[in-house]
Amino acid sequence: MWSRREFLKWSLASGVALATVPAWARPAAAERRLSLYNTHTGERLTATYWAEGEYQASELAAIDRLLRDHRSGDVAAIDRRLFDVLYDVQQLTGARGGFQVISGYRSPATNAKLRRNGGGVARDSLHTHARAIDVRLTGIALPDLQRAAIELRAGGVGYYPASDFVHLDTGRVRRW
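Caption draft 1: Seen up close, the overall build of the protein. Looking only at helices and strands, one finds 5 helices and 8 strands in the protein. The order of helices and strands in the protein, counted from the N terminus, is α-β-β-β-α-α-β-α-β-α-β-β-β. Residue pairs at least 24 apart in sequence account for 54% of intrachain contacts in the protein once pairs closer than 6 positions are excluded. Just so you have it, the protein exposes about 9500 Å², and 51% of that area is on carbon and sulfur atoms.

Caption draft 2: Region of the structure containing the environment of R131. Following the sequence through the fold, R131 ends up in the loop between α4 (108-116) and β5 (132-137). With a relative accessible area of 25%, R131 lands in the partly exposed category. Taking the C-alpha atoms as reference points, R131 and L168, separated by 37 residues in sequence, lie 8.5 Å from one another. Leave out the neighbours within four places in its chain, and R131 touches D79, R81, L82, L126, L168, D169, T170 and G171.

Caption draft 3: Structural detail: the nonpolar core. Ranked by size, the top nonpolar core spans 36 residues in total, and within it V89 and L168 carry the most contacts. Looking at which element gives the most residues to this core, the answer is helix α3 (residues 80-93), with 7 residues. Other than its neighbours up to four places away in sequence, V89 contacts F99, L137, L145, A148, A149 and L152.

Caption draft 4: Spatial organisation of the sheet that holds strand β7 (residues 165-169). One open sheet holds the 8 strands; their spatial order is β3-β2-β1-β4-β5-β7-β6-β8, and the pairing between them is mixed. Both outer strands of the open sheet, β3 (54-55) and β8 (174-175), are each paired with one neighbouring strand and no more. Strand direction decides the pairing type here: strand β6 (residues 156-160) and β8, joined by 2 bridges, are parallel. Bridge assignment links V157 to a residue of β8, and that residue is R175. Strands in contact with helix α5 (residues 142-152) are β5, β6, β7 and β8; relative to β6, the strand with the most contacts, it is inclined by about 165°.

Caption draft 5: Seen up close, the pairing of strand β1 (residues 31-38). What you see with β1 is a clean split: R32, L34, L36 and N38 sit on the buried side and E31, R33, S35 and Y37 on the side with no burial. Pairing between β1 and strand β2 (residues 44-51): 7 bridges, direction antiparallel. Looking at the pairing, S35 lines up with T46 of β2. In terms of strand pairing, β1 meets strand β4 (residues 99-103) through 3 bridges, oriented parallel.

Caption draft 6: Molecular detail of the side chain of T48. Assignment of secondary structure puts T48 in strand β2. For T48, a relative accessible area of 15% corresponds to the buried category. At 3.5 Å, the side chain of T48 forms a polar contact with the side chain of R33.

Thresholds applied
- Residues numbered from 1 in each chain as written.
- Predicted model: local features only at pLDDT ≥ 70, side-chain atom pairs only at ≥ 80, totals over all residues.
- Heavy atoms only, no water.
- Helix = DSSP H or I, 4+ residues; strand = E, 2+ residues; numbered from the N terminus.
- Contact = heavy atoms within 4.5 Å.
- Areas by Shrake-Rupley, 256 points an atom, 1.4 Å probe, with all protein chains shown as cover.
- Buried < 20%, exposed > 50% of the residue type's maximum accessible area, 1.4 Å probe, protein only.
- Core = buried A, V, L, I, M, F, W, Y, C linked by side-chain atoms within 4.5 Å.
- Pairing = 2+ DSSP bridges.
- Axes fitted to C-alpha atoms, helices over the stretch in contact; angles between N-to-C directions.
- Polar contact = N/O pair within 3.5 Å; in protein donor to acceptor, adjacent residues only side chain to side chain.

Here you go:
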């Protein structure tokens, strides 16, 4: 019997071959479901955002609302590829728990305010383009979440252990 850590290491190692194939080229799952918890609003949502070979509009709208800028209330259509990144990370890690969302969409005004307050926020953050999310994954250690996201090579991965989250985005492949 494998320990959880051994299983995760094996899963991540075997996931390298899977990760070298773009997500769109892999066989599609019949359904893709995400469980999300917004740490600022206390809202929870489990949504099947992909089913019957296509994105589900009503489920996407519900996710967009949960990932809104909690400071301003502004809602944006989140890049659908970001949901696929989250789904792929969850599959790669074997996580059974949901994502704890620290930050999803961020309005330009909120982003500017956070920059002025010295929060280490990028001037043209992908959060303001609805292409980034800061998360934890229940039951998965932060370094393991980071490694899984890097293995996917699906965009940017930022590691913030002092703030207890990993940043994922659909920009160019990079890490920090």
